[in-house]
Amino acid sequence: MRAHELTIGRTFGVTFDHGEDFFDALSTFCRDQGVRQGYIPSFIGAFAEAEIVGACEKLEDPDAPVWAKTYVTNVEAFGAGTIAHDPETGGILPHIHVSAGLKAQSADGRTSHLLSAKVQFLSELFIVEVVSPAMTRPRNPDMYDVPLLTFGAPE
């Protein structure tokens with residue numbers, strides 16, 4: 001386990017508009033407001049289309065992360081996540097999970113890691129800035145090269 005006390009900065013209420021790319025809008029918001037890292041305790045909204053992690057085939061290694069994606073359309077979504085700083089680019093490295101109900105299929109649900117999404121009507125987010133420690137997401141070569149949230153200076 002890794003843990004660190006967080007020093008919280010500003011809190012924002014943010015809406016993304018119809019047709020916006022979710023991750024582009026999140027990156028633009030963070031750049032414009034000077035948010036380098038933080039967390040999204042929750043968000044709600046609708047996506048015209050989205051890609052989430054998922055596979056339909058049998059997994060060769062059930063312990064390994066799934067890199068495959070599934071495509072969904074016209075979903076209502078509830079999610080949360082973290083925003084780490086990317087020291088190489090100066091940008092952000094978000095990690096967002098969603099539960100999404102397919103509106104045209106009796107709200108049948110999917111829950112997984114969000115890879116991409118196009119906003120339908122709106123998305124409403126709360127974003128909490130973390131001032132310190134540094135939050136980064138280095139890849140761990142001993143764990144399938146998965147990027148893991150790290151607190152404090154990168155090792």
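Before any of the text, the structure's been laid out above.
Residues numbered from 1 in each chain as written. Predicted model: local features only at pLDDT ≥ 70, side-chain atom pairs only at ≥ 80, totals over all residues. Heavy atoms only, no water.

### Topic: the overall build of the protein chain
Within the protein chain one finds one helix and nine strands. In terms of overall dimensions, the protein chain is globule-like: its C-alpha atoms have a radius of gyration of 16 Å, near the 15 Å expected for 155 residues. Once the C-alpha set of the protein chain is aligned to its principal axes, its extents read approximately 45 × 40 × 25 Å. Taking as baseline every contact in the protein chain between residues at least 6 positions apart, the subset at least 24 positions apart corresponds to 68%. Here the protein chain has roughly 9200 Å² of accessible surface; of this, 53% comes from carbon and sulfur atoms. Charge-centre separation for the protein chain: the mean point of 11 positive side chains lies 1 Å from the mean point of 21 negative side chains. (Helix = DSSP H or I, 4+ residues; strand = E, 2+ residues; numbered from the N terminus. Rg over C-alpha atoms; globule rule 2.2 N^0.38 Å. Contact = heavy atoms within 4.5 Å. Areas by Shrake-Rupley, 256 points an atom, 1.4 Å probe, with all protein chains shown as cover. Lys, Arg positive; Asp, Glu negative; His and termini not counted. Charge placed at Lys NZ, Arg CZ, Asp CG, Glu CD.)

### Quick look at the packing of aromatic side chains
In the structure shown here, the tally under the stated rule is six aromatic pairs. The interplanar angle of 80° and the centroid separation of 5.0 Å between the aromatic rings of phenylalanine 12 and phenylalanine 29 together place this pair among those described as edge-to-face. Separated by 17 residues along the polypeptide, phenylalanine 12 in strand β1 (residues 7-17) and phenylalanine 29 in helix α1 (residues 22-33) bring together distant segments of the chain. Residues phenylalanine 12 and phenylalanine 29 agree in their burial class; the two are buried. For the ring pair phenylalanine 22 and phenylalanine 43, a centre distance of 5.1 Å and an interplane angle of 35° mean the geometry is tilted. In this pair, phenylalanine 22 sits in helix α1 while phenylalanine 43 sits in strand β2 (residues 38-53), placing the two residues 21 residues apart along the sequence. For phenylalanine 22, a relative accessible area of 0% gives the class buried. Each residue in the set Phe16, Phe22, Phe23, Phe43 and Phe47 is aromatic and connected to the rest through ring pairs, giving one cluster. (Phe/Tyr/Trp six-rings, centres within 6.5 Å; stacked < 30°, edge-to-face > 60°. Buried < 20%, exposed > 50% of the residue type's maximum accessible area, 1.4 Å probe, protein only.)

### Let's talk about the pattern of salt bridges
In the structure shown here, the tally under the stated rule is five salt bridges. Among the ionic pairs, lysine 69 bridges to glutamate 51, the shortest N-O distance being 3.5 Å. Here glutamate 51 lies in strand β2 and lysine 69 lies in strand β3 (residues 69-85), a separation of 18 residues in the sequence. (Salt bridge = Lys/Arg side-chain N within 4 Å of Asp/Glu carboxyl O.)

### Considerations on α1
The end-to-end C-alpha distance of α1, which contains 12 residues, comes to 17 Å, matching closely the 16 Å that a straight helix rising 1.5 Å per residue would cover. Residues of α1 that are buried: Phe22, Phe23, Ala25, Leu26, Phe29 and Cys30. Looking down the long axis of α1, one finds its buried residues gathered within 160° of arc, a one-sided arrangement. Residues of α1 that are exposed and angled more than 90 degrees away from the buried face: Asp24, Arg31 and Asp32. Looking at the buried residues of α1, the elements they touch are β1, β2, β3, β4 (92-102) and β5 (108-132). (Expected span 1.5 Å × (residues − 1). Arc of directions from axis to C-beta.)

### A few points about the nonpolar core
Counting 29 residues, the largest nonpolar core has Phe22, Phe47 and Leu114 as the members making the most contacts within it. Ranked by the residues each element gives to this core, the list is headed by α1, at six residues. Not counting the four nearest positions on each side in its chain, phenylalanine 22 is found in contact with Phe16, Phe43, Phe47, Ile96, Leu114, Ala117, Val119, Ser123 and Leu125. (Core = buried A, V, L, I, M, F, W, Y, C linked by side-chain atoms within 4.5 Å.)

### Topic: the pairing of β3
Each regular strand shows side chains that alternate between the opposite faces of the sheet. Judged from the 13 bridges that link them, β2 and β3 form a sheet pairing that is antiparallel. What sits directly across from glutamate 51, in β3, is tyrosine 71. By the bridge criterion, 11 bridges tie β3 to β4 in an arrangement that is antiparallel. For isoleucine 83, the partnering residue across the bridge sits in β4 and is proline 94. Hairpin remark: β3 followed by β4, antiparallel, with six residues in the connecting loop; positive phi at glycine 90, about 80°. (Pairing = 2+ DSSP bridges.)

These results come straight from atomic positions and should not be treated as a statement about function.
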